[in-house]
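Each chain is listed here by its residues.
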Amino acid sequence: MSSAIESQRSATAEICDKRDDWSFHVTRDPLTRFLRDRRLQISLDMLSARNLLNPAQQSALVVCGGVGGEGIFLRRAGFTDVTVTDLSEEALAVCRRLDPNLRTMPLNAENMAGIPDSSYDLVFVQDGLHHLPRPALGFTEMLRVARTAAIVIEPYESLVGRLIGTEWEVQGKAVNYVFRWNHSMLKQMTLSYLLSAESVVLTRRLWDHNLSVGKVARRFPERCRLLAAKCVYAALTPVNSLGNMMVGVVVKPGKTAG
Ligand SMILES: C[S@@+](CC[C@H](N)C(=O)[O-])C[C@H]1O[C@@H](n2cnc3c(N)ncnc32)[C@H](O)[C@@H]1O
């Protein structure tokens, strides 16, 4: 394991040792749920629009899944077969405590050699690939082990994104460069790896800044907070083409029903 990867692993382990409260991952508070689940819900809507979503019948793998936020969302969305992976065993132990029905597996996203091709229907990553020294390798590994689609929710490469976002993330001794994606990158990486023009690359660019939107919404009385957050994102919709975030869905060849 490279020292960059090892330092990511130990930084996550340290966070898990220090932090007790992970309740935001399981709370039913509508504002928190909306803010945390919005991008994942958009990815499910994109799959659904192509008739590629059937949670009760599909297996899902979450890469760089930390303590299980995405896994918990997917279970609540009706998936019964969800495996959360991360470098950190400590994070996966928290994940199992938060939802004992989630499967967990320690995994370096850059090297999924232990997982055969096309093992999981859907493979998700959210805010994870930009922690890897080789994000493109993490992505092609996701594509390899996915049977139907890989879902990539990561920062979008743009001037605005770079101006308001972080370039270098530092967590204890761990440092990562925030790699930002766009449609063209995702498409080129997909075509060069899958070698098929039948692959479908869908991207949605949008604004996402949960801390700021949450702060604005919490100034309103509790009963209005969800509506306030929805209004902020709705107001930003006309300028989503300048947004800082990408929801990408890459559908493998021959899976383009609908
Ligand atoms: C910002 S956290 C995101 C966690 C989760 N996706 C979420 O949004 O709650 C990034 C996660 O990626 C994990 N990670 C970093 N490098 C990794 C690698 N090479 N393979 C697998 N996981 C990795 C870290 O341990 C950490 O849990």
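Rules and cut-offs
- Residues numbered from 1 in each chain as written.
- Predicted model: local features only at pLDDT ≥ 70, side-chain atom pairs only at ≥ 80, totals over all residues.
- Heavy atoms only, no water.
- Pairing = 2+ DSSP bridges.
- Helix = DSSP H or I, 4+ residues; strand = E, 2+ residues; numbered from the N terminus.
- Axes fitted to C-alpha atoms, helices over the stretch in contact; angles between N-to-C directions.
- Contact = heavy atoms within 4.5 Å.
- Near = heavy atom within 4 Å.
- Areas by Shrake-Rupley, 256 points an atom, 1.4 Å probe, with all protein chains shown as cover.
- Nonpolar A, V, L, I, M, F, W, Y, C, P; charged D, E, K, R; others polar.
- Parallel < 35°, antiparallel > 145°, perpendicular 65-115°, else oblique.
- Salt bridge = Lys/Arg side-chain N within 4 Å of Asp/Glu carboxyl O.
- Buried < 20%, exposed > 50% of the residue type's maximum accessible area, 1.4 Å probe, protein only.
- Core = buried A, V, L, I, M, F, W, Y, C linked by side-chain atoms within 4.5 Å.
- Left-handed = near helix turned anticlockwise from the far one by under 90°.
- Expected span 1.5 Å × (residues − 1).
- Arc of directions from axis to C-beta.
- Polar contact = N/O pair within 3.5 Å; in protein donor to acceptor, adjacent residues only side chain to side chain.
- Phe/Tyr/Trp six-rings, centres within 6.5 Å; stacked < 30°, edge-to-face > 60°.
- Lys NZ or Arg CZ within 6 Å of the ring centre and 35° of its normal.

Caption draft 1: Main features of the sheet that holds strand 8 (residues 200-206). Taken together, 7 strands build an open sheet; the order of strands is 3-2-1-4-5-9-8 and the sheet is mixed. Across the chains shown, the open sheet's two edge strands, defined by having one partner strand only, are strand 3 (103-106) and strand 8. Mean inter-strand twist for the sheet, computed between neighbouring axes without regard to direction, equals 15°. Taken together, the 4 bridges between strand 1 (residues 59-63) and strand 2 (residues 81-86) define a ladder with parallel strand orientation. Directly across from Ser59, in strand 2, lies its bridge partner Asp81. With respect to the sheet, helix 7 (residues 183-194) is in contact with strand 5 (146-155), strand 8 and strand 9 (245-251), its orientation differing from that of strand 8 by roughly 160°.

Caption draft 2: Main features of the site of the ligand. Residues in contact with the ligand amount to 16 residues; listed here are only the nearest, Thr12, Glu70, Asp86, Ala109 and Gln126. In isolation the ligand offers 590 Å² of accessible surface; the protein chains occlude 86% of this area. Considered class by class, the residues forming the shell around the ligand number 5 nonpolar, 8 polar and 3 charged.

Caption draft 3: The packing of helix 1 (residues 3-18) against helix 4 (residues 89-98), seen in detail. Where helix 1 meets helix 4, the axes come as close as 7 Å, and the angle between the chain directions of the two elements is 40°. Comparing their axes, helix 4 and helix 1 come out oblique. On helix 4, the residues touching Arg9, Thr12, Ala13, Cys16 and Asp17 of helix 1 are Glu90, Ala91 and Val94. Here the contact of helix 1 with helix 4 is composed, by residue class, of 4 nonpolar, 1 polar and 3 charged.

Caption draft 4: The arrangement of the pattern of salt bridges in detail. With the rule as written, the count across this model stands at 13 salt bridges. Here Asp208 and Arg38 are joined by a salt bridge, their closest N and O atoms 3.1 Å apart. Residue Asp208 is located in the loop between strand 8 and helix 8 (210-217), and its partner Arg38 is located in helix 2 (residues 30-49); the two are separated by 170 residues in the primary sequence. Residue Asp208 is classed as buried on the basis of its relative accessible area of 8%.

Caption draft 5: Quick look at the nonpolar core. Leu47, Leu74, Phe124, Ile151 and Val249 are the most contacted members of the largest nonpolar core, which has 29 residues in total. The contacts of Leu47, once residues within four sequence positions are left out, are Leu52, Leu53, Leu122, Ala149, Ile151 and Val249.

Caption draft 6: A look at the packing of helix 8 against helix 9 (residues 225-236). Between helix 8 and helix 9, the shortest axis-to-axis distance is 8 Å and the interhelical angle comes to 130°. Judged on the interaxial angle alone, helix 9 and helix 8 are oblique. Crossing of helix 8 over helix 9 shows right-handed handedness. Residues Asn210, Val213, Val216 and Ala217 of helix 8 form the contact with helix 9, whose own contacting residues are Arg225, Ala228, Ala229, Val232 and Tyr233. Residues that form the contact of helix 8 with helix 9 fall into these classes: 7 nonpolar, 1 polar and 1 charged.

Caption draft 7: Summary view of helix 9. Here helix 9 contains 12 residues, and its C-alpha end-to-end distance of 17 Å stays within 8% of the 16 Å for a straight helix at 1.5 Å per residue. Those residues of helix 9 that sit buried are Ala228, Ala229 and Tyr233. Each buried residue of helix 9 sits inside an arc of 130° when the element is viewed along its axis, so together they form one side. Seen from the buried face of helix 9, the exposed residues on the opposite side, beyond 90 degrees, are Leu227 and Ala235.

Caption draft 8: The arrangement of helix 4 in detail. Within helix 4, the full set of buried residues consists of Ala91, Leu92, Val94 and Cys95. Buried residues of helix 4 fall within an arc of 155° about the axis and therefore sit on the same side. Buried residues along helix 4 sit against helix 1, strand 2 and strand 3. Of the residues flanking the start of helix 4, the one acting as N-cap is Ser88, its side-chain oxygen 3.2 Å from the backbone nitrogen of Glu90.

Caption draft 9: A look at the packing of aromatic side chains. By the definition in use, this model includes 5 aromatic pairs. Their ring planes at 45° and their centres at 6.1 Å tell us that Trp22 and Phe24 sit as a pair that is tilted. What makes Trp22 buried here is its relative accessible area of 10%. You can call Phe24 partly exposed: its relative accessible area is 22%. With 5.7 Å between their ring centres and 70° between their planes, Phe139 and Trp181 make a pair best called edge-to-face. Taken together, the residues Phe139 in helix 5 (residues 135-145) and Trp181 in the loop between strand 7 (174-177) and helix 7 connect sequence positions 42 residues apart. The buried category is assigned to Phe139, whose relative accessible area is 0%. On the basis of relative accessible area, Trp181 is assigned to the buried category, the value being 0%. The aromatic ring of Tyr233 is capped on one face by Arg38, whose charged end is 3.5 Å from the ring centroid.

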